[in-house]
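Fold and geometry: a report
Below are the chains, spelled out letter by letter.
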Protein chains: 2
Amino acid sequence: MRELLGGKGANLAEMCRLGLPVPPGFTIATSVCEAFYKNGGRIPDDVVAQIEKGLARLEQVMGRRFGDPEDPLLVSVRSGAAVSMPGMMDSVLNLGLNSETAGGLARLSGDRRFALDAQRRLTQMFGDVVLGIEHERFENALGRIKASRGATLDTDLDEEALGEVVDRFRAEVRAATGDEFPDDPRQQLRLAIEAVFASWNGTRAKRYRELNDIHGLLGTAVNVQAMVFGNLGAGSGTGVCFTRDPSTGENVLYGEYLVNAQGEDVVAGIRTPEPLERLERDLPDCHGRLLEIKGILERHYRDMQDLEFTVQGGKLYMLQTRTGTRTAQAAVRIAVEMVDEGLIDESEALRRVEPEQLDRLLHPTFDPQAERDVLATGLPASPGAVTGRMVFTAEDAEIWAGRGEKVVLVRNETSPEDIGGMHAAEGILTARGGMTSHAAVVARGMGKCCVAGCSALYVDAHGKTMDVGGAQLGEGDWISLDGSTGEVMRGRVATAHASLGDHFERLMKMADAKRRLGVRTNADTPADAALARSFGAEGIGLCRTEHMFFEETRIQAVREMILAETAPQRHAALQKLLPAQREDFRGIFEAMDGLPVTVRLLDPPLHEFLPHDDAAREAVAAALDVPVERVRRRCRELQEFNPMLGHRGCRLGVTHPEIYEMQARAIGEAACDAAAAGIQVVAEVMVPLVGTVTELDFCTERLRAVLDEVLEERSTKLTFLIGTMIEVPRAALVAEELARTAEFFSFGTNDLTQMTFGYSRDDSGSFLPEYVDRGVLPNDPFQSLDTAGVGRLVRMACEEGRRARPDLKLGICGEHGGDPRSIRFCHEVGLDYVSCSPYRVPVARLAAARAALE
Amino acid sequence: MRELLGGKGANLAEMCRLGLPVPPGFTIATSVCEAFYKNGGRIPDDVVAQIEKGLARLEQVMGRRFGDPEDPLLVSVRSGAAVSMPGMMDSVLNLGLNSETAGGLARLSGDRRFALDAQRRLTQMFGDVVLGIEHERFENALGRIKASRGATLDTDLDEEALGEVVDRFRAEVRAATGDEFPDDPRQQLRLAIEAVFASWNGTRAKRYRELNDIHGLLGTAVNVQAMVFGNLGAGSGTGVCFTRDPSTGENVLYGEYLVNAQGEDVVAGIRTPEPLERLERDLPDCHGRLLEIKGILERHYRDMQDLEFTVQGGKLYMLQTRTGTRTAQAAVRIAVEMVDEGLIDESEALRRVEPEQLDRLLHPTFDPQAERDVLATGLPASPGAVTGRMVFTAEDAEIWAGRGEKVVLVRNETSPEDIGGMHAAEGILTARGGMTSHAAVVARGMGKCCVAGCSALYVDAHGKTMDVGGAQLGEGDWISLDGSTGEVMRGRVATAHASLGDHFERLMKMADAKRRLGVRTNADTPADAALARSFGAEGIGLCRTEHMFFEETRIQAVREMILAETAPQRHAALQKLLPAQREDFRGIFEAMDGLPVTVRLLDPPLHEFLPHDDAAREAVAAALDVPVERVRRRCRELQEFNPMLGHRGCRLGVTHPEIYEMQARAIGEAACDAAAAGIQVVAEVMVPLVGTVTELDFCTERLRAVLDEVLEERSTKLTFLIGTMIEVPRAALVAEELARTAEFFSFGTNDLTQMTFGYSRDDSGSFLPEYVDRGVLPNDPFQSLDTAGVGRLVRMACEEGRRARPDLKLGICGEHGGDPRSIRFCHEVGLDYVSCSPYRVPVARLAAARAALE
């Protein structure tokens with residue numbers, strides 16, 4: 001009945017059905033909200049008649065009449081849509097009060113102060129919500145009276161003072177609207193209901209629905225309930241609580257209680273609520289009853305609940321129950337413990353934890369209590385929470401880190417030359433580039449915090465300063481980055497690290513039991529490989545070899561190779577790289593003993609390995625003993641307008657076959673060495689950027705020849721699969737042909753997205769955020785796979801590839817391999833595995849399980 | 001029988017069948033060539049027996065015996081594959097001669113000198129072709145004897161001297177091989193046949209087949225024929241002729257004749273042949289017979305023939321007939337006249353002219369007789385033949401051209417800033433960039449000669465010099481460019497311009513009658529539009545608006561718009577552009593009166609409109625009265641790593657809607673103005689770079705609103721179609737969705753190729769040529785549409801687009817729209833039209849007709 005009654009209304013009805021103490025009332029359905037708008041913003045007459053009937057029934061149940069000066073019934077009006085929109089719409093309490101009925105209420109309760117308190121609350125809320133008077137006017141008026149009487153809290157005001165407040169408030173209404181406060185209870189009710197309906201299309205609520213992607217609802221329902229009063233003295237009060245600790249998930253009642261107050265006092269923060277122990281001490285029976293209700297509701301809803309209650313004269317009333325929000329840690333613990341308690345099954349437990357939440361669990365986070373001086377917000381490119389001193393070049397990062405400083409590397413953008421500095425830094429901040437810019441991709445791979453594309457920054461790397469919103473920061477200044485929100489903060493912000501614990505491990509086991517998709521990792525070093533394995537990775541889906549080329553000791557040989565003028569020179573330079581590459585692969589094979597390792601051959605264009613400025617070029621020329629003019633000339637020759645679409649990947653493999661041949665030899669020899677040491681090697685060689693079957697055939701033939709040669713030399717028996725990335729749209733279009741040669745496909749959805757959309761991941765920051773904001777795109781396609789376009793190519797390639805080779809192994813190694821929504825798509829199209837950065841492995845395991853459950 | 005007998009053998013047999021005078025002989029089939037290779041390079045024994053039988057029959061017909069010392073039969077051995085491979089394989093004449101049979105021949109002919117001449121020819125040819133002796137050895141020997149006797153021509157040598165030549169030649173054979181010249185006629189024949197078979201797999205022949213894409217042949221056939229002698233004195237001779245003039249196509253016998261000579265003398269160029277008039281004068285009967293044979297062969301083959309003949313003692317013998325090659329001009333005239341003569345029908349006439357040939361007809365060409373000092377060869381990016389003085393900046397081009405100089409603009413690469421200079425120059429030469437680089441595309445659009453990507457050049461724009469192969473040229477030096485071959489030549493080379501004439505017009509009419517595809521043009525100016533219309537364009541398929549932005553008077557306003565910091569500033573700058581754009585469109589609508597004009601809205605990224613160097617930035621800042629730092633900063637902000645995948649096309653339309661709105665207003669107002677002046681306007685507005693339906697909807701909605709507003713203001717009734725480019729792969733993948741909004745699709749196959757392959761057209765010069773050479777790609781996909789990949793997307797988009805909107809108009813406006821092979825594909829997939837640069841329009845008309853005929 002949620003659709004029609006709204007969440008609150010349905011839950012109230014549900015609690016009634018369970019026999020819980022709920023103040024009597026009725027709900028006006030969401031369909032009436034629609035009718036209200038169709039009727040030009042007025043409740044249609046037939047509905048008015050129905051409300052009248054509901055009110056009559058309520059009067060009968062309560063034995064009081066609405067507007068009766070002797071024994072008045074008061075009601076509350078609360079909004080409640082089918083989807084929870086906390087704080088977005090309005091409520092009005094104490095409806096039915098005027099000077100006459102207030103008198104009756106005073107007589108009846110024997111507490112005139114209470115009646116006046118209720119009346120001033122009504123006047124203020126009604127004034128604010130229904131009449132649209134700025135609430136500051138009431139607060140200022142109240143403040144002035146409190147000041148004149150030397151009162152601190154509202155409760156310090158006596159009867160007389162409250163009387164003055166009511167008069168003052170009514171005068172404010174008169175001044176603001178030119179009319180008297182409406183004293184007719186029926187008019188109050190009707191206006192309040194209309195105000196709630198109107199708030200459905202208020203700016204605030206509309207924006208909330210937009211941001212939270214809430215569509216297709218009819219409107220809000222309205223709950224009209226008999227008032228119960230928490231402000232009837234010390235035996236009364238109001239509270240909110242969770243049936244379990246929403247931070248840790250511990251199975252205890254967790255909440256707050258405010259003596260002698262109505263609900264809005266808790267929200268307004270005028271008085272500080274006390275822990276529930278206060279209720280336990282003051283009114284143990286009530287507390288006991290609440291514990292009992294906790295059990296009933298958890299058994300009924302089979303989930304942790306967020307409750308609102310009021311105690312009136314020692315009697316407990318439940319005003320609301322809804323599913324409670326919780327931290328990642330709590331979500332995991334609650335899900336697992338509810339399985340143990342028999343409340344839910346394992347599938348349900350998996351549905352209870354959002355995969356995205358796990359990411360936060362794995363990275364340190366800022367202490368939520370710590371103060372944040374946010375300078376600017378960029379893209380949350382790689383999660384984590386770090387604090388460090390600013391440096392502006394990769395070199396400085398290494399120097400400062402070398403002397404034990406924690407640094408944050410600040411760049412306009414990073415390039416492969418910066419790898420060393422990125423490693424040395426705690427976190428990376430860039431002014432340009434998107435979620436899959438170099439900085440973002442590398443940082444995620446390293447599990448390093450990164451805020452990218454923070455366009456409010458102006459970085460002067462030369463002057464070593466950063467301008468942001470009028471302020472200027474310089475080298476050595478402390479900043480903090482929140483990689484989960486994209487916030488850049490001035491100074492040091494304290495961090496906290498949640499421990500994973502046993503519940504996490506158990507949830508992961510449940511996920512593994514359900515999922516069909518394999519989960520591998522993208523890892524380039526033995527350390528990353530080991531880390532990912534500890535997170536449950538079942539292999540390496542993408543081992544990039546270019547990062548290995550950048551290490552201090554090797555880059556020289558790489559440059560020698562690029563500057564070589566003859567084939568023998570080039571060959572000699574490659575021979576210098578061979579032992580280093582062999583050791584790299586050997587380390588990775590060891591870390592992944594028994595699990596598959598997919599090695600991608602060299603991918604980036606050669607100019608990435610040459611220095612960009614002239615001083616560095618002179619240094620290279622000197623180190624290699626070649627004329628600097630040759631270095632300059634080669635840089636010029638290799639320069640590209642659109643490097644993303646340039647001479648890279650297997651295009652290098654075709655024009656410079658000796659590079660891939662060296663890499664194949666390194667892989668082959670490393671595999672033989674590892675096998676000889678008892679390691680079980682499962683190696684897969686992957687050719688990048690293939691667009692035509694001829695490219696793949698050309699490379700495969702040469703790779704196979706070298707691998708066979710090595711196996712022959714070492715008298716070793718090993719099987720190497722050779723396959724291809726599918727990252728150029730054309731590859732997907734000719735997949736059937738490719739699959740005749742390729743033994744596996746790995747979808748490189750970063751590049752595939754770039755080329756299918758024609759978006760450069762490094763440049764799209766100039767329009768993508770606006771595209772997402774304006775709804776031109778539902779989300780950043782570099783984060784969540786575009787199923788209609790890119791996904792269509794993936795699906796075609798899967799179907800047509802398997803047509804040519806039924807046992808074709810299919811995987812994904814783009815950033816999407818760690819995105820839950822994309823993983824669901826991968827499951828649907830029948831991939832064998834996804835591969836993602838080490839820290840995303842648990843996310844992927846859970847997402848894969850949830851995909852299988854759907 | 002071509003497959004089995006080879007071209008020459010089949011035609012000889014055919015001529016026999018027609019009763020023409022062919023020296024008797026027999027053909028050894030191509031299948032024997034295959035058997036020869038299987039048998040390890042020797043003729044199998046059963047074939048030897050068959051050759052013996054053939055020889056016996058030949059002896060019987062001729063009444064002479066092979067090797068008979070009294071009355072010897074001599075034979076020739078000639079190669080002839082199924083496909084003509086001129087000059088690639090070998091022939092040997094005069095087989096059967098030795099000292100004995102030479103004596104018999106001398107007696108029989110009463111001409112000892114002739115017999116010795118035949119023998120020295122055999123010795124030399126056999127030595128060269130069969131024994132593999134360098135032919136210089138023979139030439140040197142002959143030269144020495146001629147020198148010692150004071151002879152200039154071979155015919156100056158007397159009997160005695162020729163005897164010495166024969167002896168000397170036989171001594172050379174002995175010296176080179178260690179063996180005597182084989183005097184056994186049967187051994188001579190067998191070795192000669194084997195040598196011809198062997199030449200099939202010689203390096204030269206294999207390379208020729210590779211280059212010309214000739215596959216799947218069995219081998220060459222061998223024609224053994226009784227010798228007839230053109231060297232039997234003044235009543236004998238040899239000649240070659242065409243049945244029509246191969247340069248002009250005129251219907252006259254056109255050829256050369258050499259008195260007292262054998263065929264190889266013509267080829268070797270030792271003596272200069274005379275026009276056929278010599279034959280007519282010397283032997284009018286022979287000449288008459290030749291004319292008669294011309295008629296018989298043309299009626300039989302229904303095409304112009306290339307003939308070889310020999311006259312022996314006043315009797316004519318036909319040695320060969322084959323289809324003759326011809327110039328473009330001749331091809332057109334011959335095809336049209338043969339229709340008039342009833343030899344072929346119109347469809348056949350269209351098949352007789354290669355569309356690509358027409359291109360050469362439309363552009364001036366270098367005088368084929370002129371000498372060429374070729375410095376380097378680049379890509380033939382835009383046809384034409386120009387001569388001019390070198391300038392190194394666009395500015396200089398304009399200055400020099402302004403004072404009446406013809407200039408060639410030499411750049412490393414061009415950018416949109418260079419447009420003015422490109423216009424001013426006769427031709428453009430770049431050191432970098434491919435067939436669809438900026439220089440190439442713009443030059444083709446302008447119909448201007450361009451050689452692009454000439455990587456042998458080193459251009460120093462600053463120093464105003466160009467280094468090439470050790471030489472250095474500077475500003476003002478004369479060079480010549482051949483845009484059809486890519487040759488860059490030193491100095492001035494004379495040019496010639498063929499007139500199109502009536503035959504051309506008639507062929508075009510025939511083509512128009514057959515084709516289904518419409519042919520439009522890509523034109524940005526009224527002048528281009530008028531030119532294209534004169535070539536038969538039926539509308540404009542692509543009118544780019546950005547070139548208009550670069551004009552001197554407008555670029556300032558464009559820059560003002562880009563540098564604007566507020567929306568009103570930006571709007572004010574755009575208002576300055578509006579009148580100019582309106583005039584542009586008005587001019588184009590006038591030129592295209594009654595024909596459709598598709599206007600593409602602004603496409604390039606904004607940074608293309610800002611200057612690249614600091615001096616120019618300072619000038620801009622001064623001109624616009626803004627701080628230079630703002631200009632620098634904006635340049636920095638707009639800078640992109642991969643501009644091809646950047647913030648351009650409709651992405652600008654979405655983030656800066658005011659630009660497209662201004663353009664829509666300019667189009668609308670221009671259309672109304674033109675309509676008011678009696679022009680029939682058919683305007684189509686095209687949104688570039690669309691990838692999602694939301695982008696298209698966003699732009700279409702705003703464009704429609706502005707257009708409607710203008711029509712309302714002007715009280716004019718006009719219909720504007722709004723459609724989209726399909727140039728981003730994703731657009732093709734969601735075509736069905738797009739077609740619900742778009743009223744037409746125009747395939748932008750340049751960008752679609754870039755993104756589908758992941759090749760930057762500006763950078764692919766570093767590997768594409770190698771790819772084509774190595775056969776990784778069958779051809780440059782920017783020239784000829786890749787049907788398997790890019791074409792598959794086009795096909796999908798056509799089918800799915802028409803599913804959503806059955807009357808969706810489909811066209812292509814990429815460079816492929818002018819490529820015959822791609823046009824065939826466009827016809828197949830059911831496009832409505834192709835659009836190409838003005839000079840390609842006739843090519844497209846013919847190609848479209850040929851596609852319809854297939």
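Whatever comes next refers back to the structure up there.
1. Focus on the overall build of chain A
- When helices and strands are counted, chain A shows 35 helices and 32 strands.
- In terms of overall dimensions, chain A has C-alpha extents of about 105 × 60 × 50 Å along its principal axes.
- Within chain A, buried positions represent 60% of all 854 residues.
- Partitioning the intrachain contacts of chain A with sequence separation of at least 6 by distance along the chain shows that 69% fall at a separation of at least 24.
- Counting only carbon and sulfur atoms, one obtains 47% of the accessible surface of chain A, whose full area is about 32,600 Å².
- Here chain A carries 97 positive and 129 negative side-chain charges, and the mean point of each set is 3 Å from the other.

2. A word on the relation of the copies chain A and chain B
- In screw terms, the move from chain A to chain B is a rotation of 179 degrees and a rise of 0.1 Å along the axis, fitting with an RMSD of 0.3 Å. Put plainly, the chains are arranged around a two-fold axis. Taking C-alpha positions as reference, the residue of chain A nearest the rotation axis is Asn642(A), located at 2.1 Å.
- With an isologous cut-off of 70% or more, the 98% of interface residues of chain A that recur at the interface of chain B puts this contact in the isologous class.

3. A short note on the pairing of strand 15 (residues 385–391) of chain B
All names here are of chain B.
- Of all 7 residues in strand 15, 6 are buried, a share of seventy percent or more.
- Looking at chain direction, strand 15 and strand 22 (residues 478–482) are connected through 5 bridges and run antiparallel. Counterpart to Arg-389 in the pairing with strand 22 is Trp-478.
- Judged from the 3 bridges that link them, strand 15 and strand 16 (residues 407–411) form a sheet pairing that is parallel. By the bridge assignment for strand 16, Met-390 is matched with Val-408.
- Traced from strand 15 through helix 16 (residues 394–402) to strand 16, the parallel crossover comes out right-handed.

4. Remarks on the sheet that holds strand 4 (residues 75–81) of chain A
Residues and elements named next belong to chain A.
- The strand order across the open sheet built from 4 strands is 1-6-4-5, with neighbouring strands paired in antiparallel fashion. Because the sheet does not close on itself, it has two edges, and the strands there are strand 1 (25–28) and strand 5 (91–95). Neighbour to neighbour, the strand axes of the sheet diverge by 20 degrees on average, direction disregarded.
- Sheet topology note: the strand 4/strand 5 ladder contains 3 bridges and is antiparallel. Across the sheet, residue Val-75 finds its bridge partner in strand 5, namely Leu-95.

5. Here we look at the interface of chain A and chain B
- The interface is formed by 52 residues belonging to chain A together with 51 residues belonging to chain B.
- Buried surface at the junction of chain A and chain B, summed over both partners, amounts to about 4,800 Å²; 55% is from carbon and sulfur atoms.
- Together, Phe641(A), Leu645(A) and Arg730(A) form the three largest contributors to the area buried by chain A at its contact with chain B, with a combined 14%.
- At the junction of chain A and chain B, the tally comes to 4 salt bridges.
- The closest approach of N and O atoms between Arg792(B) and Glu800(A), which form a salt bridge, is 2.7 Å.
- Taken together, the links from chain A to chain B amount to 34 residue pairs in polar contact (both at pLDDT 80 or more).
- Only helix 25 (628–638), helix 26 (650–655), helix 28 (693–714), helix 29 (729–733), helix 31 (749–757), helix 32 (768–773) and helix 33 (790–804) of chain A provide two or more residues apiece to the side of chain A that touches chain B.

6. Brief notes about the packing of helix 6 (residues 135–149) of chain A against helix 7 (residues 159–177) of chain A
Residues and elements named next belong to chain A.
- Relative orientation of the contacting elements helix 6 and helix 7 amounts to 150 degrees, with a least axis distance of 10 Å. Here helix 6 lies roughly antiparallel to helix 7, going by the angle between them. Considering only the axes of helix 6 and helix 7, their crossing is right-handed. Residues Arg-137, Phe-138, Ala-141, Leu-142, Arg-144, Ile-145 and Arg-149 of helix 6 form the contact with helix 7, whose participating residues are Glu-160, Ala-161, Glu-164, Val-165, Arg-168, Phe-169, Glu-172, Val-173, Ala-175 and Ala-176.
- Each residue belonging to the contact of helix 6 with helix 7 can be placed in one class, and the counts come to 10 nonpolar, no polar and 7 charged.

7. Points about the environment of Phe36(B)
- Counting through the fold element by element, Phe36(B) comes out in helix 2 (residues 30–38).
- In this view, Phe36(B) contacts Gly41(B), Arg42(B), Ile43(B), Pro44(B), Glu194(B), Phe197(B) and Ala198(B); residues no more than four positions away in its chain are not counted.

8. So, the sheet that holds strand 29 (residues 720–726) of chain A
Residues and elements named next belong to chain A.
- The sheet built from 8 strands closes into a barrel, its strands ordered 25-26-27-28-29-30-31-32 with parallel pairing. Across the sheet, the mean angle separating the axes of adjacent strands is 25 degrees when strand polarity is ignored.
- Taken together, the 3 bridges between strand 26 (residues 540–544) and strand 27 (residues 596–600) define a ladder with parallel strand orientation. Bridging from a neighbouring strand, Arg-544 pairs with Arg-600 of strand 27.

9. Digging into the packing of aromatic side chains
- Under the criterion given, the structure shown has 26 aromatic pairs over all chains.
- Summarising the aromatic geometry, the rings of Phe138(A) and Phe169(A) are spaced 5.1 Å apart at their centres and angled 70 degrees between planes, so their arrangement reads as edge-to-face. Within this pair, whereas Phe138(A) is found in helix 6, its partner Phe169(A) is found in helix 7, the two being separated by 31 residues in sequence. For the residue pair Phe138(A) and Phe169(A), the accessibility class agrees, reading buried in each case.
- An angle of 45 degrees between the planes, with centres 5.8 Å apart, marks the rings of Phe549(B) and Phe609(B) as tilted. Taken together, the positions of Phe549(B) in helix 21 (residues 546–549) and Phe609(B) in the loop between strand 27 (596–600) and helix 24 (614–624) put the pair 60 residues apart, joining distant regions of the chain. Here Phe549(B) and Phe609(B) have matching classes, each one buried.
- A network of ring pairs unites the aromatic residues Phe757(A), Tyr759(A), Phe767(A) and Tyr771(A) as a single cluster.

10. Digging into a nonpolar patch on the surface
Residues and elements named next belong to chain A.
- A cluster of nonpolar residues, Met-1, Leu-4 and Leu-218, forms a patch on the protein surface that exposes about 300 Å² of accessible area.
- Checked against the element boundaries, Leu-218 lands in the loop between helix 9 (203–211) and strand 6 (220–226).
- The class of Leu-218 is partly exposed, set by a relative accessible area of 35%.

11. Examining the environment of Glu136(A)
- Mapped onto the elements, Glu136(A) comes out in helix 6.
- Separated by 522 residues in sequence, Glu136(A) and Glu658(A) place their C-alpha atoms 76 Å apart.

12. Some words on the pattern of salt bridges
- Applying the stated criterion to the full structure yields 149 salt bridges over all chains.
- The closest approach of N and O atoms between Glu298(A) and Arg244(A), which form a salt bridge, is 2.7 Å. With a gap of 54 residues between them, Glu298(A) in helix 12 (residues 284–301) and Arg244(A) in the loop between strand 7 (237–242) and strand 8 (254–259) connect regions that are remote in the sequence. Each member of the pair, Glu298(A) together with Arg244(A), is buried.
- The salt bridge partner of Arg582(B) is Glu669(B), with a shortest N-O separation of 2.4 Å. Residue Arg582(B) is located in helix 23 (residues 567–591), and its partner Glu669(B) is located in helix 27 (residues 657–676); the two are separated by 87 residues in the primary sequence.
- Salt bridges here are not isolated pairs; linked through shared partners, they connect Arg582(A), Arg665(A), Glu669(A), Asp673(A), Glu709(A), Glu713(A) and Arg714(A).

13. Observations concerning helix 34 (residues 820–828) of chain B
- Those residues of helix 34 of chain B lying buried are Pro820(B), Ser822(B), Ile823(B), Phe825(B), Cys826(B) and His827(B).
- Gly830(B) occupies a position one or two residues after helix 34 of chain B and carries a positive phi of about 85 degrees.

14. Describing the pairing of strand 30 (residues 744–747) of chain B
Residue and element names in this part refer to chain B.
- With burial as the criterion, each face of strand 30 is covered, one bearing Phe-744 and Ser-746 and the other bearing Phe-745 and Phe-747.
- With 3 bridges joining them, strand 29 (residues 720–726) and strand 30 adopt parallel strand pairing. What sits directly across from Ile-726, in strand 30, is Phe-747.
- Summarising the sheet, strand 30 and strand 31 (residues 809–812) pair through 4 bridges and their orientation is parallel. Looking across to strand 31, one finds that Ser-746 is bridged to Gly-811.

The rules behind these values
- Residues numbered from 1 in each chain as written.
- Chains lettered and ligands numbered in written order.
- Predicted model: local features only at pLDDT ≥ 70, side-chain atom pairs only at ≥ 80, totals over all residues.
- Heavy atoms only, no water.
- Helix = DSSP H or I, 4+ residues; strand = E, 2+ residues; numbered from the N terminus.
- Buried < 20%, exposed > 50% of the residue type's maximum accessible area, 1.4 Å probe, protein only.
- Contact = heavy atoms within 4.5 Å.
- Areas by Shrake-Rupley, 256 points an atom, 1.4 Å probe, with all protein chains shown as cover.
- Lys, Arg positive; Asp, Glu negative; His and termini not counted.
- Charge placed at Lys NZ, Arg CZ, Asp CG, Glu CD.
- Least-squares fit on C-alpha atoms with pLDDT ≥ 70 in both.
- Pairing = 2+ DSSP bridges.
- Right-handed = clockwise from strand over helix to strand, strands pointing away.
- Axes fitted to C-alpha atoms, helices over the stretch in contact; angles between N-to-C directions.
- Buried area = accessible area lost by both parts, 1.4 Å probe.
- Salt bridge = Lys/Arg side-chain N within 4 Å of Asp/Glu carboxyl O.
- Polar contact = N/O pair within 3.5 Å; in protein donor to acceptor, adjacent residues only side chain to side chain.
- Parallel < 35°, antiparallel > 145°, perpendicular 65-115°, else oblique.
- Left-handed = near helix turned anticlockwise from the far one by under 90°.
- Nonpolar A, V, L, I, M, F, W, Y, C, P; charged D, E, K, R; others polar.
- Phe/Tyr/Trp six-rings, centres within 6.5 Å; stacked < 30°, edge-to-face > 60°.
- Patch = residues over 30% accessible without salt bridge, like charges linked within 9 Å, V, L, I, M, F, W, Y side chains within 5 Å.

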